Structure formats: C-alpha cells, structure tokens
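Okay, here's what each chain looks like letter by letter:
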Amino acid sequence: MNIEGILSYSRSLMQRVVRPGGMAIDGTIGNGHDTLYLAELVGEKGHVFGFDIQQQAIIQTEELLTKNNVAERVTLFQKGHEKLEESVPVKYQGKIQGAMFNLGYLPGGDKSIVTKPNTTIAAIDQVIRILAKGGILGLIVYPGHEEGAYERDQLMEYAKNLDQSKVNVLQYGFINQKNNPPFLLAFEKK
Ligand code: SAM
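The structure reproduced in this document is the subject of the present report. The model shown is predicted, which means the values in this text are computed figures rather than measured ones.

1. Looking at the layout of surface pockets
By rolling a water-sized probe across the atoms, one finds the places where empty space is left.
Then step 1. As a volume, the largest pocket reaches approximately 610 Å³.
Then step 2. Along the walls of the largest pocket sit 37 residues, with Thr-28, Ile-29, Gly-30, Asp-52 and Asn-102 positioned nearest its centre.
Then step 3. Of all elements in the fold, only helix 1 (6-17), helix 2 (33-42), strand 4 (96-102) and strand 5 (131-141) reach the threshold of two or more residues within the lining of the largest pocket.
Then step 4. Per-element accounting of the lining of the largest pocket gives the leading share, 4 residues, to helix 1.
Then step 5. Its residues assigned to classes, the lining of the largest pocket comprises 14 nonpolar, 16 polar and 7 charged.

2. What about the packing of aromatic side chains?
Then step 1. A complete count under the given rule lists 4 aromatic pairs for this structure.
Then step 2. Summarising the aromatic geometry, the rings of Tyr-9 and Tyr-172 are spaced 4.1 Å apart at their centres and angled 25° between planes, so their arrangement reads as stacked. Here Tyr-9, found in helix 1, pairs with Tyr-172, found in strand 6 (residues 167-172); they are 163 residues apart in sequence, far enough to count as distant. One exposure class covers both Tyr-9 and Tyr-172, and it is buried.
Then step 3. With a centroid separation of 5.7 Å and 45° between ring planes, the pair formed by Phe-49 and Tyr-92 is classed as tilted. Residue Phe-49 is found in strand 2 (residues 47-51), and its partner Tyr-92 is found in the loop between helix 4 (84-87) and strand 4; the two are separated by 43 residues along the sequence.
Then step 4. Here Phe-49 falls in the buried class, since its relative accessible area comes to 2%.
Then step 5. Aromatic ring contacts, followed pair by pair, group Phe-49, Phe-51, Phe-77 and Tyr-92 into a single cluster.
Then step 6. The ring of Tyr-37 is capped by Arg-11, whose NZ or CZ atom sits 4.5 Å from the centre of that ring.

3. Details of the pattern of salt bridges
Then step 1. For the structure on display, the rule yields 4 salt bridges.
Then step 2. Asp-34 is paired through a salt bridge with Arg-11; the nearest N and O atoms lie 3.1 Å apart. Of this pair, Asp-34 sits in helix 2 while Arg-11 sits in helix 1, and the two are 23 residues apart along the sequence.
Then step 3. Overall, the relative accessible area of 27% leaves Arg-11 in the partly exposed class.
Then step 4. Here Glu-85 makes a salt bridge to Arg-129, at a shortest N to O gap of 2.9 Å.

4. Thoughts on unusual backbone geometry
Then step 1. Positive phi outside glycine occurs at Asn-179, with the angle close to 60°.
Then step 2. Within the secondary structure, Asn-179 is located in the loop between strand 6 and strand 7 (183-189).
Then step 3. The phi dihedral of Asn-180 falls on the positive side, at around 50°, and the residue is not glycine.
Then step 4. Its place among the elements puts Asn-180 in the loop between strand 6 and strand 7.
Then step 5. For Asn-180, a relative accessible area of 43% puts it in the partly exposed group.

5. Looking at helix 2
Then step 1. For helix 2, the buried fraction is high: 8 of the 10 residues fall into the buried class.
Then step 2. Three or more residues of helix 2 are buried, namely Asp-34, Thr-35, Leu-36, Tyr-37, Leu-38, Ala-39, Leu-41 and Val-42.
Then step 3. Structurally, helix 2 contributes buried residues whose contacts are with helix 1, strand 1 (23-26), strand 2, helix 3 (55-67), strand 3 (74-77) and strand 4.

Rules behind the numbers
Residues numbered from 1 in each chain as written. Predicted model: local features only at pLDDT ≥ 70, side-chain atom pairs only at ≥ 80, totals over all residues. Heavy atoms only, no water. 1 Å grid on protein atoms, 1.4 Å probe; cavity = no way out; pocket = protein on both sides within 12 Å on 5 of 7 lines; lining within 4 Å. Points joined across faces, edges and corners; volume = space filled by probe spheres on them. Helix = DSSP H or I, 4+ residues; strand = E, 2+ residues; numbered from the N terminus. Nonpolar A, V, L, I, M, F, W, Y, C, P; charged D, E, K, R; others polar. Phe/Tyr/Trp six-rings, centres within 6.5 Å; stacked < 30°, edge-to-face > 60°. Buried < 20%, exposed > 50% of the residue type's maximum accessible area, 1.4 Å probe, protein only. Lys NZ or Arg CZ within 6 Å of the ring centre and 35° of its normal. Salt bridge = Lys/Arg side-chain N within 4 Å of Asp/Glu carboxyl O. Contact = heavy atoms within 4.5 Å.

Okay, structure coming up:
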C-alpha cells in the first residue's frame with residue numbers, strides 16, 4: 001500500500017519533529033510500543049514521559065524498555081494523562097517536541113478500562129500548552145466500540161473549535177473502510 005496507514009503516519013509525524021536530545025510524551029503507554037519508538041527518537045540525551053492508569057501497562061512497558069536498553073531515558077507515571085501538566089517538570093514545559101495518544105482500551109487487557117472524553121480533552125489542552133512551537137500531538141481515535149464512538153463525537157466537536165491562530169488540526173483516515181475504522185487527529189502548535 002502506498003498510502004501510509006494511521007499508525008505509520010502518526011510515527012512519521014513524530015519522526016519529523018522529535019529530535020535526538022529532545023523531549024516527548026506518550027499519553028497512553030499501553031504495551032509500550034509507542035513509548036519505545038519515542039525513546040529511540042529522543043536518543044540517549046533526550047527524555048520521554050509516559051502515562052497510563054493501569055499497573056499492567058507500566059510493568060509491561062518497563063520490561064520492554066529495559067530489554068531495549070532505553071529505560072533510563074523514560075519516566076513512567078501510573079497516572080491519568082489529565083495530570084500531565086502537574087507531572088512533567090516545569091523546566092521541560094514548552095520544550096515538548098512530540099506526543100502520542102492511542103485511545104480506547106489496552107490490547108489484550110481489560111476492555112472495560114477505556115479513555116474517556118473529559119479526561120482526554122483535558123489532556124489535549126495540557127499537551128498543547130506544553131508543546132514547543134511546531135510540536136505535534138498525534139492522537140488515534142477508535143470509534144469502533146460504543147464508548148469510542150461517543151469519545152469521537154466529543155473530540156471532533158472540541159477539535160473543530162480550537163483557535164486556528166494557535167493550533168493546526170488535521171484529520172487523517174480512510175473513509176471507505178467498514179465498521180468505523182480508527183483515524184488520526186494531529187495537532188500542531190503554532
Ligand atoms: N499505545 C499503546 C501501545 O503501543 O501498546 C496502546 C494504548 S491503549 C490503546 C490505551 C491505553 O490508555 C490503555 O492502556 C489504558 O489503560 C490507557 N488509559 C485509559 N485512560 C487513561 C488516562 N486517563 N490516562 C492515561 N492512560 C489511560
């Protein structure tokens with residue numbers, strides 16, 4: 001396929017903005033794949049801050065990062081991403097180059113634990129505030145389950161109304177796939 005898929009495109013955007021020695025955030029670490037990706041992009045001198053409310057996600061991600069020798073460049077918080085601004089040290093705020101959020105439930109985990117519109121929107125607001133100019137938040141929305149469809153509706157309403165003089169918002173996704181496929185919202189701070 002020559003058109004990039006959602007996950008791949010989200011990573012391409014991160015690759016474009018997250019530099020060696022830079023700072024990034026994973027707002028929903030889950031099994032840690034995106035955390036590892038960001039840790040590789042920031043390199044030895046950079047840092048990644050990761051958030052998830054589930055202990056299982058923290059443990060699995062810690063294992064994955066250790067196996068790949070990048071654990072010391074990542075700080076994991078077992079906290080909701082809505083507590084992001086109070087958790088990322090003040091000296092790094094305004095310097096975050098990239099952030100990834102992957103909404104919904106943990107694959108292979110408890111499907112009743114899902115991201116919720118109010119806390120997701122609170123977290124997006126906070127990420128936008130602490131991004132560097134030109135920094136990007138890539139957020140993947142999963143409307144294929146009932147709570148996901150509700151979250152999509154709330155998020156679209158919020159995102160459409162963000163001030164275009166402060167942030168660019170892009171929607172990227174396939175429109176002819178069945179069963180409400182996931183799509184990407186990318187927020188670029190101006
Ligand atoms: N990016 C992950 C990966 O590569 O494996 C997958 C993330 S998974 C789709 C969504 C995660 O969001 C779950 O692990 C869930 O526990 C977490 N989550 C739910 N509510 C959250 C919140 N308020 N703050 C942070 N994480 C949350």
